[in-house]
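The chain contents come next:
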Amino acid sequence: MNTTFERAREFIYRNARPLDLARWQYHFENGSTEAVLNALSYYQNDDGGFGHALEADAWNPNSSPIQTWTATEILREINFTDNTHTIIKGILHYLESGKSFDGKCWYKM
């Protein structure tokens, strides 16, 4: 008989995006940080921000604050803080550019 964990694992392996599968493997199957970073990198745009439905409700392929924030949450989830890594350097570039910022707040999408 399948346990709840086994059923959850089967669901993830059948349905998850590669990023979410890498996150599952990181947390539950001794997966690597590099696998998560590699999968996450496919959502990063040339301007350093994130898009392409990284945040599941934001299907915009362009960089947006909420999708970039989602990337930072995933990095925090895996305790990744190497500010010399290209993903983090890209995020900082995107934020420093002021794109999607009106001087008071960040645009939602």
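Please read all numbers here as calculations on a predicted model, not as lab measurements.

Details of the overall build of the protein
When helices and strands are counted, the protein shows five helices and zero strands. Secondary structure elements of the protein occur, N-terminal to C-terminal, as α-α-α-α-α. Its C-alpha atoms give the protein principal-axis dimensions of roughly 55 × 30 × 20 Å. Taking all 109 residues of the protein together, the buried fraction comes to 34%. For the protein, restricting intrachain contacts to residue pairs at least 6 apart in sequence, the fraction spanning at least 24 positions comes to 40%. When the accessible surface of the protein is split by element, carbon and sulfur atoms take 54% of a total near 7100 Å². Charge separation in the protein, taken as the distance between the mean sites of 10 positive and 14 negative side-chain charges, equals 4 Å.

Some points on the nonpolar core
Formed by 17 residues in total, the largest nonpolar core has its most connected members in L19, L40, F50, L54, L75 and I87. Mapped onto this core, the elements with two or more residues apiece are α2 (18-28), α3 (33-41), α4 (65-77) and α5 (86-97). Among the elements that line this core, the one with the most residues is α3, at four residues. What I87 contacts, discounting residues up to four positions off in sequence, is L37, L40, S41, Q44, F50 and L75.

A look at the environment of G98
Inspection of the secondary structure assignment puts G98 in the segment after α5. In this structure, the C-alpha to C-alpha distance between G98 and T70, residues 28 residues apart in sequence, is 18 Å.

Thresholds applied
- Position labels on residues start from 1 in each chain and follow its written sequence.
- Side-chain atom pairs in this predicted model are given and counted only at pLDDT of 80 or more, local residue features only at pLDDT of at least 70, and totals for whole chains, interfaces and linings cover all residues.
- Note that the side-chain values use all heavy atoms of the structure and ignore hydrogens as well as water.
- Secondary structure elements follow DSSP: runs of H or I of four or more residues count as helices, runs of E of two or more count as strands, with numbering from the N terminus.
- Only protein chains enter the accessibility calculation, which uses a 1.4 Å probe; a residue whose area is less than 20% of its type maximum is buried, one above 50% is exposed, and one in between is partly exposed.
- Contact definition: two residues touch when any of their heavy atoms are within 4.5 Å.
- We get accessible surface area from the Shrake-Rupley algorithm with a probe of 1.4 Å; when it comes to residues, only the shown protein chains can shield them.
- For the charge count, each Lys or Arg is scored as positive and each Asp or Glu as negative, with His and the chain ends excluded.
- In plain terms, the charge of a residue is placed at NZ if it is Lys, CZ if Arg, CG if Asp and CD if Glu.
- The criterion is simple. A nonpolar core is a set of buried Ala, Val, Leu, Ile, Met, Phe, Trp, Tyr and Cys residues joined through side-chain atoms within 4.5 Å.

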